[in-house]
Amino acid sequence: MKSLLLIRSGWLLVCLAAGLANPLATATATAQNQDTAAAVAVKPTPEQIAWQKMEFIAFTHFGVNTFTDREWGDGKEDPKLFNPTAFDAHQWVKVCRDAGIRMIILTAKHHDGFCLWPSRYTEHSVKNSPWRNGKGDVVREVADACREGGLKFGVYLSPWDRHEPGYGDSPRYNEHFKNQLRELLTNYGPITEVWFDGACGEGPNGKKQVYDWAGFYAVVRELQPRALIAISGPDIRWVGNESGVARETEWSVQPANPAVQFRTGLVWWPAECDVSIRPGWFYHSSQDNQVKSLADLLDIYYKSVGRNSVLLLNLPPDRRGLINENDARRLVELRHALDQTFTVNLASDARVTASSTQDDKDHGAGTVVDANQTTYWTPADNGREATLDMDLGRSVTFNRSMVQEYIPQGQRIEEYTWAYWDGQGWQPFAKDTTVGYKKLDRFPEVTTRKVRLSILKSRAAPMIGELGLYQAPTSP
Ligand code: FUL
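Residues numbered from 1 in each chain as written. Predicted model: local features only at pLDDT ≥ 70, side-chain atom pairs only at ≥ 80, totals over all residues. Heavy atoms only, no water.

**Description of the site of the ligand**
Surveying the vicinity of the ligand reveals the residues Phe 59, His 61, Trp 72, His 110, His 111, Tyr 156, Trp 195, Asp 197, Glu 242, Asp 274 and Trp 281. His 61 places a polar side-chain atom, nitrogen or oxygen, 2.7 Å from an oxygen atom of the ligand. Contacts to the ligand include Trp 72, whose side-chain N or O atom sits 3.1 Å from an oxygen atom. Coverage of the ligand by the protein chains reaches 90% of its 290 Å² of free accessible surface. Grouping the amino acids of the shell around the ligand by side-chain chemistry returns five nonpolar, three polar and three charged. (Near = heavy atom within 4 Å. Polar contact = N/O pair within 3.5 Å; in protein donor to acceptor, adjacent residues only side chain to side chain. Areas by Shrake-Rupley, 256 points an atom, 1.4 Å probe, with all protein chains shown as cover. Nonpolar A, V, L, I, M, F, W, Y, C, P; charged D, E, K, R; others polar.)

Written out as structure tokens, the structure is:
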């Protein structure tokens, strides 16, 4: 090793003495360019794009825990405990739709093993509960209500099963799990997202279960080829916390995780931010007054949807089988606040000029305010730095901005600033890093007629789909 270093530094000294370009720097730059080119080449699938466009989706944690007041059941619960008094999936769908939520992901089976559908492979399910005289099927009713109401439907199926006697006998349990997965993916229409938690424990035999992830994914791909596999899965990445907060710099292009993607290199693996509207994932009446405040939910929205992520907000149905009034009321407030801010794009009539534009009228600067995500602006000659100036036509006051990249061509922008014209010069009001599908910035009110977006750094020519300027109400 030492000798190799000596040879390298001797070679470097010779080059420098001879006035040649530093070969190491050149080699590093070449490697970086190759890395950058590789990152830009990674693109989302059509299903990942459609998923990202949903922006705001819901989790519904519902099951025996709802009736035992626990977060994790131990699998010994009596199925007779499951008995919602007024279960109504249409109410869930209405609450979600009114809030602008586009999909419901239901806990078909949580860690306690109780199945919300009458699985052939266990007795630990709704079929042994008094609800609907043992003839009920929560998965069916939620799936049907979602379809009728125009929402997508997803399932959470916990691999960790504290009830199933075969758990820990790895091949046997893996077959059991695949059988249950087949039921869910065959009998309930299109499934948009399959959510696998990574939790793993020991079975009654004292052995740790080894999951057959490749086998689980193969079942999903075979039966629902358009479904996205999330978290312990290759298509959607857990953001890394349960607070609903993404990083300021959130790249959808990530190093592959060989455990789920079965490859190395870079992959499109966009972030999902899961968080509960209450402290717990399951309903507890003691938390009826701990529904997150509007201010907290708005902050979560900006830090998830506004940071290139999808917000997965948990709404735990109560013992009636309804989304509780307190949660529903807060969602109405949230929708109202978001609509007050985002319904009117104050830049929609702007005259936009770019520092340069690719010689192609389909990619003109005006496309960034055409409210059409399938058109985009890009600068001439694959330039990586560029400015877009917007003349708003009148003096406008705003305190929020939006940038969206055209993600079918990947994620590119690394750094940008927003500035306004104060009559003398450009005054910056926001500076940020990555964009991706959507980046929202919050800042004190600005009043101006002219605004400039400067792309300072980009992995390749920036491709901007949409820009927006908005005014969020400043008083409660
Ligand atoms: C976790 C689980 O242990 C929680 O109960 C909940 O389902 C959350 C979404 O994922 O890993």
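**Focus on the domain arrangement of the chain**
Looking at the chain, the domain boundaries give domain 1 (5–342) and domain 2 (351–470). Between domain 1 and domain 2, the contact holds 27 residues from the first and 24 residues from the second. Both sides of the domain 1 and domain 2 interface together cover about 2,300 Å² of buried area, and 61% of this is carbon and sulfur. Of all residues in domain 1, Val 40, Trp 251 and Tyr 302 give up the largest surface area on contact with domain 2, accounting jointly for 27% of the area buried on that side. (Domains from an automatic or database assignment. Contact = heavy atoms within 4.5 Å. Buried area = accessible area lost by both parts, 1.4 Å probe.)

**Section: the pattern of salt bridges**
Where charged atoms from two side chains of opposite charge come close, those side chains can pair. Following the criterion strictly, the structure yields 30 salt bridges and no others. Measuring nitrogen to oxygen at the nearest pair gives 3.2 Å for the salt bridge that ties Asp 144 to Arg 147. With Asp 144 and Arg 147 both in helix H6 (residues 138–149), this residue pair falls three residues apart, about one helical turn. Looking at Asp 144, the relative accessible area reads 29%, which means it is partly exposed. The shortest N-O distance in the salt bridge between Asp 339 and Arg 335 comes to 3.1 Å. With Asp 339 and Arg 335 both in helix H11 (residues 325–342) and four residues apart, the pair spans about one turn of that helix. Each of Arg 70, Asp 74 and Glu 77 takes part in one network of salt bridges that share partners. (Salt bridge = Lys/Arg side-chain N within 4 Å of Asp/Glu carboxyl O. Helix = DSSP H or I, 4+ residues; strand = E, 2+ residues; numbered from the N terminus. Buried < 20%, exposed > 50% of the residue type's maximum accessible area, 1.4 Å probe, protein only.)

**Re the nonpolar core**
If you look at the biggest cluster of nonpolar residues, it comprises 76 residues, and the most contacted ones within it are Phe 82, Val 138, Val 142, Leu 181 and Phe 196. Viewed by domain, this core spans two of them, domain 1 (5–342) and domain 2 (351–470), each represented by three or more residues. With residues up to four places along the chain from it excluded, the contact list for Phe 196 reads Leu 157, Pro 159, Phe 177, Leu 181, Trp 213, Phe 216, Tyr 217, Val 220, Ile 229, Ala 230, Ile 231 and Ser 232. Core analysis: the next-biggest nonpolar cluster, separate from the first, contains 29 residues, Ala 347, Val 396, Tyr 416 and Phe 443 among them. (Core = buried A, V, L, I, M, F, W, Y, C linked by side-chain atoms within 4.5 Å.)

**Structural notes on helix H10 (residues 294–304)**
Of all the residues in H10, the buried ones are Leu 297, Ile 300, Tyr 301, Tyr 302 and Ser 304. Residues of H10 that are buried make contact with strand E9 (271–276), strand E10 (309–314), H11, strand E12 (386–405) and strand E15 (439–458).

**Notes on the sheet that holds strand E5 (residues 228–231)**
Strand order in the open sheet formed by eight strands is E5-E4-E3-E2-E1-E10-E9-E6, and the pairing between neighbours is parallel. Looking at strand neighbours, the two that pair on one side only are E5 and strand E6 (237–238), the edges of this open sheet. Bridge count for strand E1 (residues 56–60) against strand E2 (residues 103–109) is three bridges, and the pairing is parallel. Bridge pairing in E2 places Phe 59 opposite Ile 105. (Pairing = 2+ DSSP bridges.)

**A word on the side chain of Lys 438**
Relative to the helices and strands, Lys 438 is located in the loop between strand E14 (426–432) and E15. Lys 438 sits in the buried class, given a relative accessible area of 10%. Within the local environment of Lys 438, its side chain forms a polar contact with the side chain of Glu 55, the two groups lying 2.9 Å apart.

**Remarks on the side chain of Gln 180**
Relative to the elements of secondary structure, Gln 180 occurs in helix H7 (residues 170–187). A relative accessible area of 1% places Gln 180 in the buried class. Apart from the residues lying within four places of it in its own chain, the contact partners of Gln 180 are Lys 109, Cys 115, Trp 117, Ser 119, Tyr 121 and Thr 122.

**Here we look at the packing of H7 against helix H8 (residues 213–223)**
Where H7 meets H8, the closest approach of the two axes is 10 Å, and the angle between their N-to-C directions is 20°. Looking at the two axes, H7 sits roughly parallel to H8. In this structure, H7 meets H8 at a crossing whose hand is right-handed. Along the contact surface, H7 presents Asn 174, Phe 177, Lys 178, Leu 181, Arg 182, Leu 185 and Thr 186, while H8 presents Gly 215, Phe 216, Val 219, Val 220 and Leu 223. In terms of residue class, the contact of H7 with H8 is made up of seven nonpolar, three polar and two charged. (Axes fitted to C-alpha atoms, helices over the stretch in contact; angles between N-to-C directions. Parallel < 35°, antiparallel > 145°, perpendicular 65-115°, else oblique. Left-handed = near helix turned anticlockwise from the far one by under 90°.)

**Topic: the confidence of the model for the chain**
When pLDDT is low, close inspection of the predicted coordinates is not appropriate. Here the chain averages 93 in pLDDT, and 93% of its residues register 70 or above. Taken as a whole, residues 1–23 scores under 50 in pLDDT and shows nine contacts with residues more than four places along the chain or in a different chain. (pLDDT = per-residue confidence, 0-100.)

**Regarding the pairing of E5**
Sheet topology places strand E4 (residues 193–196) next to E5; four bridges connect them, and they run parallel. Of the residues in E5, the one forming a bridge with Glu 193 is Leu 228.

**A look at the packing of aromatic side chains**
This model, assessed by the stated rule, comprises 38 aromatic pairs. Measuring from centroid to centroid gives 4.8 Å for Tyr 167 and Tyr 173, while their planes differ by 70°, and the two rings are edge-to-face. In this structure, Tyr 167 and Tyr 173 share a single accessibility class: buried. An angle of 45° between the planes, with centres 6.1 Å apart, marks the rings of Tyr 302 and Phe 342 as tilted. A residue pair is termed long-range when its members are at least 10 positions apart, and Tyr 302 in helix H10 and Phe 342 in helix H11 qualify at 40 residues. Here a set of aromatic residues connected by ring pairs shows up, and it is made of Tyr 167, Tyr 173, Phe 177, Phe 196, Tyr 211, Trp 213, Phe 216, Tyr 217 and Phe 262. Above the plane of the ring of Trp 251 lies Arg 459, whose end atom (NZ or CZ) is 3.5 Å from the centre. (Phe/Tyr/Trp six-rings, centres within 6.5 Å; stacked < 30°, edge-to-face > 60°. Lys NZ or Arg CZ within 6 Å of the ring centre and 35° of its normal.)

**Comments concerning the packing of helix H5 (residues 89–99) against H11**
Packing of H5 against H11 leaves a shortest axis separation of 8 Å and a crossing angle of 20°. The orientation of H5 with respect to H11, classified from their angle, is roughly parallel. Of H11, the residues touching H5 (which contributes Val 95, Asp 98 and Ala 99) are Ala 328, Leu 331 and Arg 335. Taken together, the residues of the contact of H5 with H11 break down into four nonpolar, no polar and two charged.

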